[in-house]
Amino acid sequence: MNNFDYQKAATVSDVVGKSTFVAGGTNLIDLLKYNLTNAATLIDINTIGEHHDILEIEDGVRLGALATNADTAYHPIIEQRYPLLSRAILAGASAQIRNMATNGGNLLQRTRCYYFYDPHAPCNKRLPGSGCSAINGYNRNMAILGTSENCIAVFPSDMSIALSALDAIINIKSEDGERSVDFADFHRLPGDTPPIDNNLKPGEFITSIDLPLKGFAKNYSYLKLRDRASYAFALVSVATGLELDGDTIRDVRITLGGVSHKPWRVKDAEHYLIGKKADRENFSAAADIILQGAVGFAHNTFKIKLAKKAIVRNCMMALDPSTQLPGAQPSA
Amino acid sequence: MTQIGQPISRLEGKLKVTGAAKYSGEYKVPNLLYGYVVSSAITKGKIIKIHTESAEKIKGVVKIFTHLNRPGKAWFDMQYADMDAPPGASFRPLHNDEIKFNGQPIALVVAETFEAAREGASMIKVDYQETKFQTDLHSNLAAARDAKKGMATLLKPPPPKPTGDFEKAYAESDFKASGEFIHSTEHHNPMELFTTTTLYDGKGKLTIYDKTQGTINCQLYVGNVFGLHFKNVRVVSPFVGGAFGSGLRPQYQLFLSVMAALDLKRHVRVTLDRSQMFSFGHRPQTIQHTRFGATQEGKITALNHTSVAETSQFEDYTENVTNWSSMMYPADNTLFEQKLVSLDVNSPMDMRAPGGSTGLHAIEATMDEISYKLNIDPLELRLINYSTFNNAEKKPYSSKELKACYLQGAEKFGWYKRSPQPRSMSRGQKLVGYGMATGIWDAMQLPARAEAIITKDGKLHVKSAVTDIGVGTLTVMTQIAADEFGLNMEDVLFFYGDSKLPFAPIQGGSFTTATVGTAIVFASKALKKKLLKIAKTSNEAFKKAEIEEVTFKNGMMIYKDCSISFLEIINTNKDKPIRTTNFGYPHALKLRKYARAVHSASFVEVEVDQELGTIKVTRALTAVAAGRIINPKTARSQVLGGMVWSISKALMEETIMDAQLGKYINQSFAEYHIPVHADINELDVLFVQEDDKIINELGIKGVGEVGLVAMPPAIANAIYHATGKRINRFPIHFDELMES
Ligand SMILES: Cc1cc2nc3c(=O)[nH]c(=O)nc-3n(C[C@H](O)[C@H](O)[C@H](O)COP(=O)(O)OP(=O)(O)OC[C@H]3O[C@@H](n4cnc5c(N)ncnc54)[C@H](O)[C@@H]3O)c2cc1C
Ligand code: SF4
C-alpha cells in the first residue's frame, strides 16, 4: 500500500472527472492493501450531502448510491415492496461489511478470483496479456456462462442479482452531464477486455439506482449456495420474482449469480414461462434455456447441474416465500 | 470449598474482552521501528538481484535487510534448532540467495512508521532465477520414503511394528472394508497476527514480546542464533491470541525483529500480515489407505493403515497418523506404515491434534463401513472390540472410561432413535443422518519447574514460564495452587508467560495442565515443609508435627487443634517471604507399566438437502474421558472449540495449493473458510467420571486436542448414513452430495 492524499468531497460536482472514490471502502481498501490498485488521492464520497436516502419517486423507488447496504435492506419500503432485494443484500458479506458497504460500491466490487488478488500470479484482468491462471488452475468458484479464453471470473455481488431481476436503472453523472443505464447493460462479459468489469467510464459517478414499480413482493425468493452458511460468496445464487394468476405465470424474472462475469438473465426463458403453469416441470425447462451454452472447467462443472436444480428450487420457493430461511439457504 | 472442579470463569476474561490485555504487537514503545517482510514470489530458485533503491527513497525507511547485508556471524544449522524442531536443518531467514518455498521471507524493510515500511516493501522488485519445483503430493508419490529419526521421534514414535500376518488374515476375513482418504493442507490461522516487539535495552540486553507457545523455547533460540547470554534475553508473552501449534516453533518474525534490533540498536516490531501466515508451518496434506478385516461377529482381526504426508526439502516433519488403530482395537494382525514426500514447501508443523485428527478419520470411517457391511450398529461394533488394554504398547491403560463415553453419550444424544439403513431418515426435504466415532489422544506429561512463595502479606504466589494460549492456563493453575493451601482464588497469584520464570516446556500436546500442574504440586509440597520448619522454631504446638499431619486452610496451618497463620510464620521469618522452587516430573518407573490416553466419543446429526446436497450439522455431542477435570468451564470450552473445528475440518477448511504456480491461493479469511456462527447449531459436551490414581498427583490428562479427533469422522459417517454416499476426501463439498 502506498501513501496517498485524502480528500472529503462535499458535492457531486466536486468529484466527477476525478479519481479515486472511496465509499464504504470494503473492497477498495483491500485492493490498495494488496497493491492491486494505487491511488494518488482518495476522495471520500460519503461526505457528499445527497444520495444517501431511499426515496419514493413517481414510477418507483430511488436508492441513493451512498446509502449503505444495511440501511437499504432494512428500509421499510424495501422490505415491504422489494423483499427480493432485501433478501439478496442480506445474503451477502457480513453484518459489519453491509453496515459500511454502499449501494454504488456494491455494483462496482471486483471479482473474488483467487488469482486476481495475488499480485504475482498471471491474470489478464489485473495485467492484460499476462494470461489467465484460473482456466487451468483451481476454478471451483469460477464462471460457467459467458466466459472467454481470456478470463473466467465471476462478478460476486448478490445485490446486483436482485437488481437485475427487478429491471433496475442506474443513474450516472459525469462532467458531460447525466445518463441512465439499464441494469442489463451495465456489467460486461470479459471478452477481450477482462480488466473492464462494467460500462462506467473513468470519472463517472453513480448517483442512484431506480427500482421500477413492479417489486414481486408476493412471490419472490433468493437462494444462495456456498460452502458455508454465511460470509461466503455464492457458488450459485438465484433471484426469482413471479407474478401469478392462480397457478398461471403472468410475469417472471430469473437471474443467476455466481456463474458469470455479469448477472445472468435470459429473457427467452422468462418468455417461455409466461402463460404457463407454475410447476417444477416448466421451471426445469426454463432452467435449461437459461443454462444453454454453459461450459464447466476442471473444478466447476458441478455448477451446471447445481444451477439447474437451484433455479427450480428457488422458483418453487417463490410460490411460497415463507419457506425461505435466513441466509438464503435452501428451504427446509 | 475446593477450587478444583469449579467452573470458574477465566481470571483474565475481563481484560481480554475490554481490550486491556496486551498482545505482542500492542505494547506502546517510544521510538519504535517497524519492520515489514518482503516475501518470495517464486517457489524455488535463486535471487539474482533485489532492487531496493526506490524503497530506500521512501520517507522514514531506515534500512532494508536482505541476505546480502544481514548482520552475520558463523551460523550453524544446529543453533537454529528449537525445542520442537524436526530432524533436518531448520530454516534460516535471509541466509542466502536460495528460495526454498513460496512466500519465503527475503527482505525486511525497517522504517520509522509501519506505513512507510509497508510502502517500502511494496516497492521492492526482485529478479529471480526460477527452477522447476514440486508441490503436489499426488503426482510425487513415487518419492515416498521413511522419515529420518531425531529428538522429535521421542514424543512421536514411528508406528508399531507389524504383528501376525496381516495379508493372510485380511484375505481370510469374513468382512472387509478399505478406503483412500485425502486431506488438504490446513493453516493454523490464529486470530492474532504473528508479531514480535523487541526492546533493545542496551548492553546486549533484550526484552522480547513475542507471540509464542513457549517463552523459554524462544529465549533459547534467540540466545543460540545471535550468540547472546540467555540471561540477557527475556521473552514475555502473557496473552496469546490463539496459536494451535503455530507458536510451538519460533517464527521468522522473531528472528527478523531481533536481528534488526541488534543491528540498529533500536526497538523493532515486526508483524506478519495474514497472507504471510500462510508461508510457515501447516498441517501437511496427506493420503491414507486403510484395509480392515472382521469376523462374522464383528471382531476386528486385521488392521492395515498407511499414510503418505508431505514435508519440506529441509526438515522431516512427521505426525502420528497411523499409530492409533491398534491403540484402540485389539487385532492380532496389523501392518502400519508412514511415509514422507519432500516437496518445495515450508516444513509442516504440529497443528491441533496433529496426526490424530487425520488418522482417526480414516480409522473411524473404515470402522463405520464395516458396521454397515456387517449390519451391526456402529456403536455396538465399537463395544464388541472394546479393550482397556493397549495392543500397540502391550500394556493396560492407566484408566480408560471410554465405555462410559459411548453409553452416556449415546443415551444423551438419542442415538438409539437411529434407523439403521442409509437414507432411511428424513425431515421435510432433508435427509437426516446419525454418525458416531471414537477419539483418542495421548495423555502426556513432561518435566517442569515451578516456584511457590508465601508473600509478606500472607498470600500465595506461584510462578512458571508457561504461556496461556487462550485455553485457561492462568485460571486452572491458580485453582490447583489454591487447593494445595486451602485458599480462595483471590489469595493466589499465578505469574506466567515470561522466560525469566521457572522452566516450562512449550505449551502443546495437551500436556500443559498435567506438566505445570504437577510442578505446582511439587513446589507446594516443598513450600509446606518449609513453612512447617519455620513454624516449629517459634510455635511449641507444632514442634512434634509431621508434614503429613498438618493441613492448610484459609491462610492457616493447622495441626490437631492448633493453628498458625501464614502472617505469623512470615513474622518468624523476619518478615521475609518464604519461597521454594521444585521440579515436577512424571513417575517414569510407575508409569512404565501403563499406557496413557484420553478418550472420547462423538455423536453427530446432519441434515443434507435431498436435491442440492447442502449440509448442516444440526446436533453434535462429544463425551470425554480425560481424568480429573480441573475446571469444567474452560475444559468444556476446549472441547467445544475442537467440535467447531471438526465441522471446519470435515466441511470447509483447506489451503488450496496451485501446483502450477507452486503456491497457496486462498491466503485470506475471505477465501480460507472456517465456520461462521450460522454454521454452528447445537453442540453438547459431556465429561464422564474417570479417576486415574496412576497417571500423576492430580489425575490430570488434558483436554486440548481430544475434541478434534472423533467428530470429523462422525460427521462423515453421519453424511453416509443420511445419503448413502461415502466421501473420504476432506473437506466434503456439498456438490458431491447433490442428487444425480
Ligand atoms: C470478506 C468479504 C465478503 C464479502 N461477501 C460478499 C457477498 O457474499 N456478497 C456480496 O454481494 N458482496 C460481498 N462482499 C463485497 C461487498 O458487498 C462490497 O465490498 C461492497 O458492497 C462494496 O461497497 P463499498 O461502498 O465498500 O465500496 P468501495 O470499496 O468503497 O468501492 C468499490 C469501488 O466502487 C467505486 N465507487 C463506490 N461508490 C461509487 C459511486 N457512487 N460512483 C462511482 N464509483 C463508486 C470505488 O471507487 C471503488 O472502485 C464481501 C466483501 C468482503 C470484504
Ligand atoms: S479468471 Fe479472470 S480474474 Fe481470474 S485469473 Fe483469469 S483473468 Fe484473472
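Please read all numbers here as calculations on a predicted model, not as lab measurements.

A word on the interface of chain A and chain B. Taken residue by residue, the interface counts 38 residues in chain A and 35 residues in chain B. Taking both sides of the interface into account, the surface hidden between chain A and chain B amounts to around 3300 Å²; carbon and sulfur atoms contribute 55%. When the buried surface of chain A facing chain B is broken down by residue, Tyr114(A), Arg228(A) and Lys309(A) rank first, second and third, together holding 20% of it. Here chain A is connected to chain B by seven salt bridges. Lys309(A) is the partner of Glu739(B) in a salt bridge, and the nearest nitrogen-oxygen pair spans 3.3 Å. When residues in the side of chain A that touches chain B are grouped by element, the largest group, six residues, is from helix H11 (residues 302-319) of chain A. Along the lines of polarity and charge, the residues of the side of chain A that touches chain B split into 18 nonpolar, nine polar and 11 charged.

Residue and element names in this part refer to chain B. Spatially, S3-S5-S1-S11-S8-S9-S10 is the arrangement adopted by the seven strands of the open sheet, whose pairing is mixed. Each edge of the sheet is formed by a strand with only one pairing partner; in this case those strands are strand S3 (61-66) and strand S10 (233-236). Strand-to-strand twist of the sheet, defined as the mean angle between neighbouring strand axes without regard to direction, takes the value 20°. Relative to strand S11 (residues 268-271), strand S8 (residues 195-202) runs antiparallel, the two sharing four bridges. The residue bridging Thr198 from the neighbouring strand is Val268, located in S11. Contacts from helix H3 (residues 114-123) reach strand S1 (33-39), S3 and strand S5 (105-111) within the one sheet, and its direction differs from that of S1 by about 20°. Taken strand by strand, helix H6 (residues 252-264) contacts S1, S3, S5, S8, strand S9 (205-210) and S11, and its axis lies near 25° from that of S8.

A word on the UniProt feature "domain: FAD-binding PCMH-type" (unreviewed entry) in chain A. Within this structure's numbering, the places UniProt gives as "domain: FAD-binding PCMH-type" (unreviewed entry) are residues 1-216 of chain A. In residues 1-216 of chain A, the share of helix is 22% and the share of strand is 18%. The end C-alpha atoms are 44 Å apart.

This brings us to unusual backbone geometry. Omega for the bond connecting Ser19(A) with Thr20(A) falls within 30 degrees of zero, at 0°, which places this linkage in the cis form. Residue position: Thr20(A) is located in the loop between helix H1 (12-15) and strand S2 (21-22). Residues Phe730(B) and Pro731(B) are joined by a peptide bond in cis, for which omega reads -5°. For Pro731(B), the location among the structural elements is in the segment after strand S31 (729-730). The phi angle at Leu94(B) is positive, at roughly 55°, despite the residue not being glycine. On the basis of relative accessible area, Leu94(B) is assigned to the buried category, the value being 3%. A positive phi angle is found at Ser510(B), which is not glycine, with a value near 60°. Here Ser510(B) shows up in the loop between strand S21 (492-495) and helix H12 (512-538).

With that settled, consider the site of ligand 1. Around ligand 1, 34 residues are found, and the nearest of them are Phe21(A), Gly25(A), Thr26(A), Thr102(A) and Asp158(A). Neighbouring residues of ligand 1 are not confined to one chain but are distributed across chains A and B. Thr26(A) places a polar side-chain atom, nitrogen or oxygen, 2.7 Å from an oxygen atom of ligand 1. Contact with the protein chains hides 93% of the accessible area of ligand 1, taken as 980 Å² for the molecule alone. The element best represented in the shell around ligand 1 is helix H7 (residues 103-108) of chain A, accounting for four residues.

Applying the stated criterion across every chain yields a total of 56 salt bridges over all chains. Between Glu167(B) and Arg291(B) there is a salt bridge, with the nearest N and O atoms lying 2.8 Å from each other. Here Arg291(B) lies in strand S12 (residues 286-294) and Glu167(B) lies in helix H4 (residues 166-172), a separation of 124 residues in the sequence. Judged by its relative accessible area of 40%, Glu167(B) falls in the partly exposed class. Asp498(B) serves as the salt-bridge partner of Arg234(B), at 2.6 Å between the closest nitrogen and oxygen. Here Arg234(B), found in strand S10, pairs with Asp498(B), found in the loop between S21 and H12; they are 264 residues apart in sequence, far enough to count as distant. A cluster of three or more residues bridged by salt bridges with shared partners is formed by Asp167(A), Lys214(A), Glu243(A), Asp251(A), Arg253(A), Arg265(A) and Glu270(A).

Moving on, we get to the packing of aromatic side chains. Counted under the stated rule, the structure contains 32 aromatic pairs over all chains. Judged by centre distance (5.8 Å) and plane angle (70°), the ring pair of Phe21(A) and Phe205(A) falls under edge-to-face. On the criterion of sequence distance, the pair formed by Phe21(A) in strand S2 and Phe205(A) in strand S8 (residues 205-212) is long-range, its members being 184 residues apart. Look at Tyr23(B) and Phe239(B): their rings are 6.1 Å apart centre to centre, the planes differ by 55°, and that puts the pair in the tilted class. Of this pair, Tyr23(B) sits in the loop between helix H1 (13-17) and S1 while Phe239(B) sits in the loop between S10 and H6; the two residues are 216 residues apart in sequence, bridging distant segments of the chain. Here a set of aromatic residues connected by ring pairs shows up, and it is made of Tyr80(B), Tyr221(B), Phe226(B) and Phe255(B). Lying over the aromatic face of Phe413(B), Arg619(B) brings its terminal NZ or CZ to 4.1 Å of the ring centre.

Residues and elements named next belong to chain B. Here chain B is described as being made up of domain 1 (33-132 + 191-243 + 247-278), domain 2 (141-186 + 283-444 + 593-737) and domain 3 (446-585). Just the C-alpha atoms count here: the centres of domain 1 and domain 2 sit 36 Å apart. On the domain 2 side, the residues contacting the 20 residues of domain 1 number 23 residues. For the pair domain 1 and domain 2, the two sides together bury roughly 1900 Å², of which 61% comes from carbon and sulfur. Our count for the contact surface shared by domain 1 and domain 2 stands at seven residue pairs in polar contact (both at pLDDT 80 or more).

Once that is clear, we can look at the nonpolar core. Residue and element names in this part refer to chain B. Counting residues in hydrophobic clusters, the biggest one holds 86 residues, and the most contacted among them are Val604, Val606, Leu651, Met711 and Ile715. Counting residues per element, this core draws most heavily on helix H15 (residues 632-651), which supplies eight residues. Met711 has contacts with Ser602, Val604, Val617, Ala620, Thr622, Met643, Ser646, Ile647 and Leu683, leaving out every residue within four places of it along the chain. Counting 48 residues, the second-largest nonpolar core is a separate cluster that includes Tyr23, Val476, Ala535 and Ile700.

Here we come to the pairing of S12(B). Residue and element names in this part refer to chain B. The element S12 is largely enclosed, with a buried count of seven among its nine residues. Note that strand S7 (residues 175-183) and S12 share nine bridges and pair antiparallel. Its bridge partner lying in S12, Ile182 is registered against Ile287. Between the end of S12 and the start of strand S13 (residues 300-311), which pair antiparallel, lie five residues, with Gly298 showing a positive phi angle near 100°.

The next subject is the environment of Gly129(A). With respect to the helices and strands, Gly129(A) occurs in the loop between H7 and helix H8 (159-165). On a C-alpha basis, the gap between Gly129(A) and Asp71(A) in space is 41 Å, while along the polypeptide they are 58 residues apart.

What counts and what doesn't
- Residues numbered from 1 in each chain as written.
- Chains lettered and ligands numbered in written order.
- Predicted model: local features only at pLDDT ≥ 70, side-chain atom pairs only at ≥ 80, totals over all residues.
- Heavy atoms only, no water.
- Contact = heavy atoms within 4.5 Å.
- Buried area = accessible area lost by both parts, 1.4 Å probe.
- Salt bridge = Lys/Arg side-chain N within 4 Å of Asp/Glu carboxyl O.
- Helix = DSSP H or I, 4+ residues; strand = E, 2+ residues; numbered from the N terminus.
- Nonpolar A, V, L, I, M, F, W, Y, C, P; charged D, E, K, R; others polar.
- Pairing = 2+ DSSP bridges.
- Axes fitted to C-alpha atoms, helices over the stretch in contact; angles between N-to-C directions.
- UniProt positions renumbered as here; feature names shortened; annotations may be inferred.
- Buried < 20%, exposed > 50% of the residue type's maximum accessible area, 1.4 Å probe, protein only.
- Near = heavy atom within 4 Å.
- Polar contact = N/O pair within 3.5 Å; in protein donor to acceptor, adjacent residues only side chain to side chain.
- Areas by Shrake-Rupley, 256 points an atom, 1.4 Å probe, with all protein chains shown as cover.
- Phe/Tyr/Trp six-rings, centres within 6.5 Å; stacked < 30°, edge-to-face > 60°.
- Lys NZ or Arg CZ within 6 Å of the ring centre and 35° of its normal.
- Domains from an automatic or database assignment.
- Core = buried A, V, L, I, M, F, W, Y, C linked by side-chain atoms within 4.5 Å.

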